[in-house]
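Here is how the chains run, residue by residue.
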Amino acid sequence: ENADERCFSPIEKNELEESLLSLLDERDALKAKIETIQSQRESEIDQILTEVKEFEGTKHDLQAALDQQKLETLQAEEKIRSSELQLNNLEEELKKAMDCLELAQSDLASEQT
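Below is a summary of the structure that appears in this document. Note that the structure is a prediction, hence the values are computed from the model and not measured.

Let us look at the overall build of the protein. Broken down by element type, the protein carries two helices and zero strands. Referenced to the eigenvectors of the C-alpha coordinate spread, the extents of the protein come out at roughly 160 × 15 × 15 Å. Buried positions account for 0% of the 113 residues belonging to the protein. Surface summary for the protein: the accessible area is close to 10700 Å², and the carbon and sulfur share equals 56%. When the 13 basic and 30 acidic side-chain charges of the protein are each reduced to a single mean position, those positions are 4 Å apart.

Structure follows, in structure tokens:
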């Protein structure tokens, strides 16, 4: 007679074996569930990282476009200032030419009289 037979009746032994098998099945089911949860979590983390990279790329592209737009605005403002300066210079030259024309007309009129 071995120790199992001395400590447990056949019914108790059968019940213990069934309980043990049930617990092992539950353990295996929980392990599988944990693995599934870990896999889903890793997949979600990968998806989040992918989205973050996409957002960073979009941010970089938008920043580059904004920088380009700022540069173009500064260039346009400089061109406007340059054009205004040219216009002022032309107006001054026109005024001088008009003054010279008036003097010439005045001189002509005085010579004719």
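There is more to say after this.
Pairing is possible between side chains of opposite charge, provided their charged atoms come close. Counting across every chain of the model gives two salt bridges. The closest approach of N and O atoms between D28 and R27, which form a salt bridge, is 3.1 Å. Residue class for D28 comes out partly exposed when judged on its relative accessible area of 39%. You can call R27 partly exposed: its relative accessible area is 41%. Across the pair E78 and R81 runs a salt bridge, and its minimum N-O distance is 3.2 Å. Here the residue E78 and the residue R81 both occupy positions in helix α2 (residues 10-112), the gap between them amounting to three residues, near one helical turn. Residue R81 is classed as partly exposed on the basis of its relative accessible area of 45%.

Another point: a nonpolar patch on the surface. A surface patch of nonpolar side chains, amounting to about 270 Å² of accessible area, comprises L20, L21 and L24. With respect to the helices and strands, the residue L20 is situated in helix α2.

Our focus in this paragraph is a negative patch on the surface. A cluster of like negative charges, contributed by E12, E15, E17 and E18, occupies part of the molecular surface. The topology assignment puts E15 in helix α2.

A few words now on the environment of T50. Looking at the secondary structure, you find T50 in helix α2. Measuring from C-alpha to C-alpha, the distance between T50 and L30 comes to 30 Å, with 20 residues separating the pair along the chain.

Quick notes on the rules
- Residues numbered from 1 in each chain as written.
- Predicted model: local features only at pLDDT ≥ 70, side-chain atom pairs only at ≥ 80, totals over all residues.
- Heavy atoms only, no water.
- Helix = DSSP H or I, 4+ residues; strand = E, 2+ residues; numbered from the N terminus.
- Buried < 20%, exposed > 50% of the residue type's maximum accessible area, 1.4 Å probe, protein only.
- Areas by Shrake-Rupley, 256 points an atom, 1.4 Å probe, with all protein chains shown as cover.
- Lys, Arg positive; Asp, Glu negative; His and termini not counted.
- Charge placed at Lys NZ, Arg CZ, Asp CG, Glu CD.
- Salt bridge = Lys/Arg side-chain N within 4 Å of Asp/Glu carboxyl O.
- Patch = residues over 30% accessible without salt bridge, like charges linked within 9 Å, V, L, I, M, F, W, Y side chains within 5 Å.

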